[in-house]
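# Summary of the model geometry
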Amino acid sequence: DAAAGVELRYNLIPLHNVSRVEYTGRLGISPGTLRSRVTDRLGALPRAGRAAEVARVVEQQIYRDYGYLRATVRHREIVQHNPDRTILVFDIDAGPRAAIRTVNLSGDPLEPREAFERDVHAVAGGPYEPVTIQARLDAYVGRMRKKRRYEASASFTTEASADGTSVDLTLDVKPGPVVSVALEG
């Protein structure tokens, strides 16, 4: 406040529009998939002020969706001039993809257990890919509903090992009863 004899100084850092986002390091998933998932959740060119949020979403959500439970994501900004612009760089270490240690099945999928587990990509010793498992369970429910099992449901839960390198998977499958619809009158 100048009237009170106090001089205020602001150290303003110029903020330039983000012109590009780059992903470097050990990605573990394809750059196209990563870019698509980030764009779907946060937009194609997030503001530089949101870089920490983007890094957190990539690390704690997107990489976990693909079974990377120990991923680390760091961010940095490269400010360029003439023309003024900012490049956001996310340095990623995906770490190891978790493996499925055990598979427990609750319910009856109405097909042999081994075939069902293979079909939904939930095989002990195989890679843990939650996004794929959920998509395959959704497809299973769709097939059941085409067979007039309209109450069919399927889900999964996991318990990760302390070191994040494996999970115990529990599949909960309810094919539901066959429903007949009869119109009278």
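Below is a summary of the structure that appears in this document. Every chain is numbered independently, its residues counted from 1 as its sequence is written. Local features are withheld for residues below a pLDDT of 70 in this predicted model, meaning they are given only at 70 or higher, and side-chain atom pairs are given and counted only at 80 or more; totals for whole chains, interfaces and linings count all residues. The basis for every side-chain value is the complete set of non-hydrogen atoms in the structure, without hydrogens or water.

## Focus on the nonpolar core
With 24 residues, the main nonpolar core has Leu 34, Val 58, Tyr 63 and Phe 90 as its most contacted residues. To qualify as a helix, a DSSP run of H or I must reach at least 4 residues; to qualify as a strand, a run of E must reach at least 2; elements of each kind are numbered from the N terminus. Counting residues per element, the ones that place at least two in this core are strand E1 (18–26), helix H1 (31–42), helix H2 (51–65) and strand E3 (85–93). For this core, the element with the most residues is H2, which contributes seven residues. Any two residues whose heavy atoms approach within 4.5 Å are treated as being in contact. Leave out the neighbours within four places in its chain, and Phe 90 touches Val 21, Glu 22, Tyr 23, Thr 24, Ala 51, Val 54, Ala 55, Val 73, Arg 74 and His 75. The next biggest cluster of nonpolar side chains, apart from the first, holds 20 residues, and it includes Ile 100, Leu 137, Phe 156 and Val 173. Side-chain atoms within 4.5 Å link the members of a nonpolar core, which is a set of buried Ala, Val, Leu, Ile, Met, Phe, Trp, Tyr and Cys residues. For the exposure calls, accessible area comes from a 1.4 Å probe over protein chains only, and a residue counts as buried if that area is under 20% of its type's maximum, exposed if over 50%, partly exposed in between.

## Looking at the sheet that holds E1
On the basis of which strands lie adjacent, the open sheet formed by three strands has the order E1-E3-E2 and mixed pairing. On the outer flanks of this sheet lie E1 and strand E2 (72–80), each paired with one strand and no other. Ignoring which end each strand starts from, the neighbouring axes of this sheet average 20° apart. Sheet topology note: the E2/E3 ladder contains nine bridges and is antiparallel. Looking at E3, one finds that Val 73 is bridged to Ile 92. By definition, two strands form a pair when at least two bridges between them are found by DSSP. Helix axes are fitted only over the stretch in contact, all axes being lines through C-alpha atoms; the angle between N-to-C directions runs from 0 to 180 degrees.

## Let's talk about the packing of H1 against H2
Across the interface, H1 lies against H2 with an axial gap of 11 Å and an inter-helix angle of 120°. Taken as axis vectors, H1 and H2 run oblique relative to one another. Crossing of H1 against H2: the hand is right-handed. Counting all contacts with H1, which are made through Leu 34, Arg 37, Val 38, Arg 41 and Leu 42, the residues of H2 involved are Glu 53, Val 54, Val 57, Val 58, Gln 61, Ile 62, Tyr 63 and Asp 65. The classification used treats Ala, Val, Leu, Ile, Met, Phe, Trp, Tyr, Cys and Pro as nonpolar, Asp, Glu, Lys and Arg as charged, and all other residues, Gly among them, as polar. Its residues assigned to classes, the contact of H1 with H2 comprises eight nonpolar, one polar and four charged. Throughout, the term roughly parallel applies to angles under 35 degrees, roughly antiparallel to angles over 145, roughly perpendicular to angles from 65 to 115, and oblique to all others. Throughout, a crossing is termed right-handed when the near helix is turned clockwise from the far one, and left-handed when it is turned anticlockwise from it by less than a right angle.

## Quick look at the sheet that holds strand E6 (residues 166–174)
Read from one edge to the other, the open sheet built from three strands follows the order E4-E6-E5, with strand pairing classed as mixed. Of all strands in the sheet, those with a lone pairing partner are strand E4 (99–107) and strand E5 (153–160), marking the two edges. The sheet shows a mean angle of 20° between the axes of neighbouring strands, direction not considered. Alignment of E4 against E6, held across eight bridges, turns out to be parallel. Counted as the bridge partner of Gly 107 is Val 173 from E6. Across the sheet, helix H4 (residues 130–146) touches E4, E5 and E6, and the angle it forms with E5 is around 160°.

## Focus on the pattern of salt bridges
A side-chain nitrogen of Lys or Arg and a carboxyl oxygen of Asp or Glu constitute a salt bridge if their distance falls within 4 Å. Evaluated as defined, the whole model comprises 11 salt bridges. Between Asp 119 and Arg 136 there is a salt bridge whose closest N-O contact spans 2.7 Å. Taken together, the residues span a long stretch of sequence, with Asp 119 in helix H3 (residues 113–119) and Arg 136 in helix H4 at a distance of 17 residues.

## Some points on a nonpolar patch on the surface
Patches draw on residues past 30% relative accessible area with no salt bridge. Two like charges within 9 Å are joined, as are two nonpolar side chains (Val, Leu, Ile, Met, Phe, Trp, Tyr) within 5 Å. Accessibility throughout is a Shrake-Rupley quantity obtained with a 1.4 Å probe, and a residue counts as covered only by protein chains that appear here. A surface patch of nonpolar side chains, amounting to about 400 Å² of accessible area, comprises Tyr 150, Val 181 and Leu 183. Looking at the element boundaries, Tyr 150 is found in the loop between H4 and E5. Owing to a relative accessible area of 43%, Tyr 150 belongs among the partly exposed residues under this scheme.

## Quick look at the packing of aromatic side chains
The pairing test for Phe, Tyr and Trp rings, Trp by its six-membered ring, is centres within 6.5 Å, and the orientation test on the planes gives stacked under 30 degrees, edge-to-face over 60, and tilted for anything in between. Using the criterion set out here, one finds three aromatic pairs in the structure. Between the aromatic rings of Tyr 63 and Tyr 68, the centroid separation amounts to 5.7 Å while the plane-to-plane angle is 65°, which identifies the pairing as edge-to-face. Here Tyr 63 and Tyr 68 have matching classes, each one buried. Ring centres of Phe 116 and Tyr 140 lie 5.1 Å apart, and the angle between their planes is 75°; on these two criteria the pair is classed as edge-to-face. Of this pair, Phe 116 sits in helix H3 while Tyr 140 sits in helix H4, and the two are 24 residues apart along the sequence.

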